[in-house]
Amino acid sequence: MANTADDIRRITGSKKCAALLSVEGGAVLDGKLENIEKLKKDGVKMMTLTWNGANELASGNVNPEMGFTAFGREAVREMERQNIIVDVSHLNDKGMEELMGFATKPIIATHSNLRSVCSHKRNVTEEMFKYIVEHKGLCGLNLLHGFVSDEPMKDSKAELFRHVYRMLELGGEDVIACGSDFDGGITSQMDNPALFASFGDYMVEHGISRRVSDKIMFENALHFFEENIK
């Protein structure tokens, strides 16, 4: 378990995996603002605001017309006050558009690709990605087939590379990271962390510099957590 960026450096330096405690879905708050402080005391560093459906804060893509509730806006402000990072993966477009207007700290999309490359409505638009870039956030690559390619997957590394290439064109060198969604049902050539790690070499072999590849595979995430976990 890692609670600080120093912990991440120490643990990974000893050839072990460093884990940060996170929550997927703001329904865990049960509509009570004080539960955010409880999560903070329990060591939670990030929280995904929604899953696919609606909760007391906002909605996933099941309800595209729903934006933030009044409680949801309060919850984001309290998360920022408690230094719990706001994760926007699963948040619907309306919620994301609203969040970009009132968030005051960097956000993370832990497992989202680019919608301009693959049309899944859970992927972020280029406007959303540019917001993440401009506000020094983080965007984790998703390996799940439906988020990588609109066509039947033939070469998952090549198809994921298309997302990376476009993200780099949009100025994302410092915000692209590994996301995976390993517990979501991976259907690719990279269905475990060791195989995902090989994507770093693949990028280098296809024209991305080793420096940028290393940033994407580890350093961007480390820097983000150095700046944003307290």
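In this text the structure is predicted, and so the values were computed from the model without any measurement.

Enquirer: Before we go on, may I ask you to explain the packing of aromatic side chains in this structure?
Expert: One pair of aromatic rings is described through two measures. These are the centre distance and the angle between the planes. Summed over all chains, the structure comprises six aromatic pairs. Measuring from ring centre to ring centre gives 5.2 Å for phenylalanine 68 and phenylalanine 102, while their planes differ by 85 degrees; the resulting arrangement is edge-to-face. Remark: phenylalanine 102 occurs in helix α4 (residues 93–102) and phenylalanine 68 occurs in the loop between β2 (46–48) and α3 (70–81); sequence separation between them is 34 residues. Of the residues examined, phenylalanine 102 reaches a relative accessible area of 15% and is grouped as buried. Measuring from ring centre to ring centre gives 6.2 Å for phenylalanine 182 and phenylalanine 196, while their planes differ by 85 degrees; the resulting arrangement is edge-to-face. Here phenylalanine 182 is found in the loop between β6 (176–180) and α8 (193–205), whereas its partner phenylalanine 196 is found in helix α8, with 14 residues between them in sequence. The exposure class of phenylalanine 182 is partly exposed, given its relative accessible area of 32%. Overall, the relative accessible area of 4% leaves phenylalanine 196 in the buried class.

Enquirer: What should I look at first to understand empty space enclosed by the protein in this one?
Expert: Any space left empty among the atoms is revealed by the rolling of a water-sized probe across them. Under the criterion given, the structure shown has one cavity of 30 Å³ or more. Partitioning the lining of the largest cavity into residue classes produces five nonpolar, four polar and four charged.

Enquirer: I tried to follow α3 on my own but got confused; where do I start?
Expert: Think of an α-helix as turning once every 3.6 residues; residues three or four places apart then point the same way. Its twelve residues place the ends of α3 17 Å apart at the C-alpha level, agreeing with the 16 Å of an ideal helix rising 1.5 Å per residue. Along α3, the residues classified as buried are Phe71, Gly72, Ala75, Val76, Glu78, Met79 and Glu80. Those residues of α3 that are buried lie in contact with α2 (34–41), β2, β3 (85–87) and α4. Trailing α3 by a residue or two, asparagine 83 shows a phi angle of about 60 degrees, which is positive.

About the cut-offs
- Residues numbered from 1 in each chain as written.
- Predicted model: local features only at pLDDT ≥ 70, side-chain atom pairs only at ≥ 80, totals over all residues.
- Heavy atoms only, no water.
- Phe/Tyr/Trp six-rings, centres within 6.5 Å; stacked < 30°, edge-to-face > 60°.
- Helix = DSSP H or I, 4+ residues; strand = E, 2+ residues; numbered from the N terminus.
- Buried < 20%, exposed > 50% of the residue type's maximum accessible area, 1.4 Å probe, protein only.
- 1 Å grid on protein atoms, 1.4 Å probe; cavity = no way out; pocket = protein on both sides within 12 Å on 5 of 7 lines; lining within 4 Å.
- Points joined across faces, edges and corners; volume = space filled by probe spheres on them.
- Nonpolar A, V, L, I, M, F, W, Y, C, P; charged D, E, K, R; others polar.
- Expected span 1.5 Å × (residues − 1).
- Contact = heavy atoms within 4.5 Å.

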